[in-house]
Amino acid sequence: QLQLLESGGGLLQAGVSLSLSCAASRSSFSILMMGWYRQAPGKQRELVATITSGGSTNYLDSVKGRFTISRDNAKNTVYLQMNSLKPEDTAVYYCKVQTIAMRDYWGQGTQVTVSS
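Residues numbered from 1 in each chain as written. Predicted model: local features only at pLDDT ≥ 70, side-chain atom pairs only at ≥ 80, totals over all residues. Heavy atoms only, no water.

### A few points about the nonpolar core
As a rule of thumb, nonpolar side chains are buried together in soluble globular proteins. Of all hydrophobic cores here, the largest spans 30 residues; its most connected members are W36, L80, M82 and Y93. Filtering out sequence-adjacent residues up to four positions away, L80 remains in contact with L18, S19, L20, W36, V48, A49, F67, T68, I69 and Y93. (Core = buried A, V, L, I, M, F, W, Y, C linked by side-chain atoms within 4.5 Å. Buried < 20%, exposed > 50% of the residue type's maximum accessible area, 1.4 Å probe, protein only. Contact = heavy atoms within 4.5 Å.)

### Overview of the pairing of strand β4 (residues 31–39)
Counting buried residues in β4 gives 7 out of 9 residues, a clear majority hidden from the surface. For β4 and strand β9 (residues 91–99), the ladder comprises 8 bridges, and the chain directions are antiparallel. Within β9, the residue paired with Y37 across the bridge is Y94. Of the pairings in the sheet, the one linking β4 to strand β5 (residues 46–52) comprises 6 bridges and is antiparallel in character. Bridge pairing in β5 links G35 to T50. (Helix = DSSP H or I, 4+ residues; strand = E, 2+ residues; numbered from the N terminus. Pairing = 2+ DSSP bridges.)

### A short note on the state of the cysteines
Per the counting criterion, the structure on display carries 1 disulfide. A sulfur-sulfur distance of 2.1 Å marks the disulfide that ties C22 to C95. With the S-S dihedral at roughly -80°, the linkage between C22 and C95 falls on the left-handed side. Residue C22 is located in strand β3 (residues 18–24), and its partner C95 is located in strand β9; the two are separated by 73 residues in the primary sequence. Comparing C22 with C95 shows no difference in burial state: the two are buried. (Disulfide = S-S within 2.5 Å.)

### Side note on the sheet that holds strand β8 (residues 77–82)
With antiparallel pairing, 4 strands are arranged side by side in an open sheet as β1-β3-β8-β7. Unpaired on one side and paired on the other, β1 (4–7) and β7 (67–72) mark the two borders of the sheet. Geometrically, the sheet is characterised by an average inter-axis angle of 15° between neighbouring strands, direction not taken into account. Bridging between β1 and β3 involves 4 bridges; their strand directions are antiparallel. Paired with L5 across the two strands is A23, which belongs to β3. (Axes fitted to C-alpha atoms, helices over the stretch in contact; angles between N-to-C directions.)

### Here's the deal with the pattern of salt bridges
Taken as a whole, this structure holds 5 salt bridges when the rule is applied. For R38, the salt bridge goes to E46, with nearest N and O atoms at 2.8 Å. Classification of R38 by relative accessible area gives buried; the value is 5%. The salt bridge partner of D61 is K64, with a shortest N-O separation of 3.0 Å. The class of D61 is exposed, set by a relative accessible area of 60%. Shared partners join several salt bridges into a network, and the residues in it are R38, E46, R66 and D89. (Salt bridge = Lys/Arg side-chain N within 4 Å of Asp/Glu carboxyl O.)

Structural data, given as structure tokens:
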């Protein structure tokens, strides 16, 4: 069983920066992809950013240029650096990991609230 521990959420004002982190309990060698998703009230969960074991990244259009995903394989951790936050970024942010066995694991979620 793989466990994920997220941290870094909070209540912030628009325009500031925030970094989220997600540490996996398993070695990065068994992890294919790490990513961040978010779910705002009344909306479906959406992909924010993903990063593969090879370092290829993918972003939601609305966060391109503002958010950066990165991973530290030595620490089995994925990060999401969020700059120029907007009220529409308010959501619960979830970490997701896909293993080489093609199983998905989700973190417990961390709340990010951006006020105008």
